Every structure is written in structure tokens, then in C-alpha cells.
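# Coordinates in review
So you can see what is in the structure, the chains are spelled out below.
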Amino acid sequence: LVLYYEDMKQDLKGTVKSIANHLDLKLSGAQIEHDILPKVSFQYMKTNQDLYQPQSVGWKPGYEFIRKGQVGDHKKSLSDGQRARFN
């Protein structure tokens, strides 16, 4: 299973369904809508960062693991050379 952030931002519900299908989980629409989607939204994760931020890494002061939730924002932080290494 390959996931893209852009796809998750565009269709979170569809992405959750794809993950559930890949894991062979039988989830109802109500379970996805009421139990899962609220907990995997960007806003929920941003509000509850401590639940998602890796503890094994020492972050620089002021760094936020869950940043803005915007597609393409990496272009402001990475140089052309750094971005090329990811392609």
C-alpha cells in the first residue's frame, strides 16, 4: 500500500477505506465516520501532538513534528537539492 499526503488531504475518508481494505478490516461507514475520521484529522492530531510525536528523537527547540498540514509547504523549507533527493 502506497499513500500520498496529497491524497489524504483531498479524500481522507477514501484513504481510510483504502487502509482498512488493505488490512482486511471490516469497518462500517459509521465506524469510519464517527470513530476513525475525527481521530485522524489534521486538527485533532495538531491539538494532541504528544500522542503522535516520536519520543525517540531529540527535536530542536521550537520544532513542531506536526506542522501546518498544507500540501507543498516543504518547498519553503527544503532547497532544490534537498527536494531532488526525494524524487
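Residues numbered from 1 in each chain as written. Predicted model: local features only at pLDDT ≥ 70, side-chain atom pairs only at ≥ 80, totals over all residues. Heavy atoms only, no water.

## Looking at helix 2 (residues 12-22)
What helix 2 keeps buried is the set T15, V16 and A20. Seen from one end, helix 2 has its buried residues packed into an arc of 140°, which puts them on one side. The exposed residues of helix 2 that point more than 90 degrees off its buried face are N21 and H22. Following helix 2 by one or two positions, D24 adopts a phi angle in the positive range, close to 55°. (Buried < 20%, exposed > 50% of the residue type's maximum accessible area, 1.4 Å probe, protein only. Helix = DSSP H or I, 4+ residues; strand = E, 2+ residues; numbered from the N terminus. Arc of directions from axis to C-beta.)

## Notes on the packing of helix 2 against helix 3 (residues 29-40)
Working note: a packed helix pair is described by the angle between its axes plus the distance between those axes. At their nearest, the axes of helix 2 and helix 3 sit 11 Å apart, and the two run at 105° to each other. When the axes of helix 2 and helix 3 are compared, the pair comes out roughly perpendicular. Along the contact surface, helix 2 presents L12, K13, V16 and K17, while helix 3 presents I32, E33, I36, L37 and V40. (Axes fitted to C-alpha atoms, helices over the stretch in contact; angles between N-to-C directions. Parallel < 35°, antiparallel > 145°, perpendicular 65-115°, else oblique. Contact = heavy atoms within 4.5 Å.)

## Some remarks on unusual backbone geometry
Backbone geometry at D24 places phi at a positive 55°, although glycine is not the residue there. Mapped onto the elements of the fold, D24 is located in the loop between helix 2 and helix 3.

## Thoughts on the confidence of the model for the protein chain
On average, residues of the protein chain score 83 in pLDDT, and 80% of them are at 70 or above. Per-element averaging of pLDDT across the protein chain places helix 5 (residues 74-77) at the bottom with 69 and helix 2 at the top with 96. (pLDDT = per-residue confidence, 0-100.)

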